[in-house]
Each structure stands twice: as C-alpha cells, then as structure tokens.
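One letter stands for each residue in the lines below.
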Amino acid sequence: MAAGHLLYGPLSDRFGRKPVILVSIVLFVTAALGVAASGDLQGILFWRFVQGVAAASGRILANAAARDIHDRERLGRLLSIIMMVGATVSLVTGVSGGIVAEHFPWQVLFLIMAGYGTLMFGLIYFLFTETLGVKNARAMRPMTVIRNYAEIGRNRVFLAYALAGAFL
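Remember, it's a predicted structure, so these values are computed and weren't measured experimentally.

Draft legend 1. Seen up close, the environment of G133. In this structure, G133 sits in the loop between α5 (107-127) and α6 (142-153). Note on G133: relative accessible area 70%, which makes it exposed. Along the backbone, G133 and I82 are 51 residues apart, and their C-alpha atoms lie at a distance of 22 Å.

Draft legend 2. Molecular detail of a nonpolar patch on the surface. There is a patch of nonpolar side chains on the surface, built from L6, Y149, I152, F158 and L159 and spanning about 440 Å² of accessible area. Those elements that provide at least two residues to the nonpolar patch are α6 and α7 (156-167). Here L159 is to be found in helix α7. Taking relative accessible area as the criterion, L159 reaches 40% and is therefore assigned partly exposed.

Draft legend 3. The arrangement of the pattern of salt bridges in detail. According to the stated counting rule, one finds three salt bridges in the structure shown. Put simply, D13 and R17 hold a salt bridge, and the shortest N to O gap is 2.8 Å. Residue class for D13 comes out partly exposed when judged on its relative accessible area of 28%. For R17, a relative accessible area of 5% corresponds to the buried category. Between E73 and R77 there is a salt bridge, with its nearest N and O atoms 3.8 Å apart. Taken together, the residues E73 and R77, both in helix α4 (residues 72-103) and four residues apart, mark about one turn of the helix. Taking relative accessible area as the criterion, E73 reaches 58% and is therefore assigned exposed. With relative accessibility at 47%, the residue R77 sits in the partly exposed group. Sharing partners across several salt bridges, the network here consists of D13, R17 and D68.

Basis of the calculations
- Residues numbered from 1 in each chain as written.
- Predicted model: local features only at pLDDT ≥ 70, side-chain atom pairs only at ≥ 80, totals over all residues.
- Heavy atoms only, no water.
- Helix = DSSP H or I, 4+ residues; strand = E, 2+ residues; numbered from the N terminus.
- Buried < 20%, exposed > 50% of the residue type's maximum accessible area, 1.4 Å probe, protein only.
- Patch = residues over 30% accessible without salt bridge, like charges linked within 9 Å, V, L, I, M, F, W, Y side chains within 5 Å.
- Areas by Shrake-Rupley, 256 points an atom, 1.4 Å probe, with all protein chains shown as cover.
- Salt bridge = Lys/Arg side-chain N within 4 Å of Asp/Glu carboxyl O.

Structure representation (structure tokens):
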C-alpha cells in the first residue's frame, strides 16, 4: 500500500484524478475476486499485493482532489475530516469483518469488498467531476518525480506532519 502512494500522485497529475481512481477501483475489485477464487497461498498473496497497491489510491486521490478545489483553511478542515473518516472506517471494518468471518467462509469478505468496489466505481463514474484543471504531461518523467519528491523531502513543515503522523 505504501508503494502505491508514490505511484498515484504522479499518475493522477498526468492523466487526471477520475481516470486513475476508476482504473484503481477496477484493479481493487479484480484483486478481491482473485483472492476469493484463489486455491493456494501464492494466489492469495499475489492478489492481496495487487489489492494493496490498488487500495492506496483512495487516500491519495481524495487528498489530491481536495487540494485541487479548496483553499488552505477549507483544505485543512477537509483533510482532517478525510483522516477522521479513514480512522473510523478502519475501526468499523475490522469489527464488522470479524463478525462476517465468524459466520461465513472467509471468501465472503472479499466478495463484500468486490461489491463495495463496484458500488464505488458507479458512484465515482456518475457523480465525481474531474478536479484537476490542467494535466501535467511531464508528471511521469523520472526526473520530474525525483525533483518533486526531493522538494517535499526538504519541506520542514511536511516532515514535521509526516513524523507526527508516523507516531500516530
């Protein structure tokens, strides 16, 4: 999931937020179905890796879309809400997943994930409007990516927030 974070920023800067999130949702649903259909540990591990890379897109692209359309103060509030919702969802899905696993075969959890992903695909396809004004044709060039990450890595405010987040 962490590696996916490095991928989705440049991809969405190049191709737009909406197409990247839609492709990642298709990948997530495919991976969830792949896990459910796997007959061995290697298949499960492969599809869970794919699912993790795909799942990384949600948080990154939600933040990117929020940055596209909101100023600093509203952005700060919105990013706080996104973080709170993410934390709450993690708590709820852990408990509800345990309940489902107790009463049904484990594959049902992944079928539920596939259903959720399918629902999200439909909602985003029909209701989400692209937020990126101008696509950056050079966003995927290796030197551009390296330069952008180096700039972020030198930003003391970002580093302080990242360190605080890491300790959470």
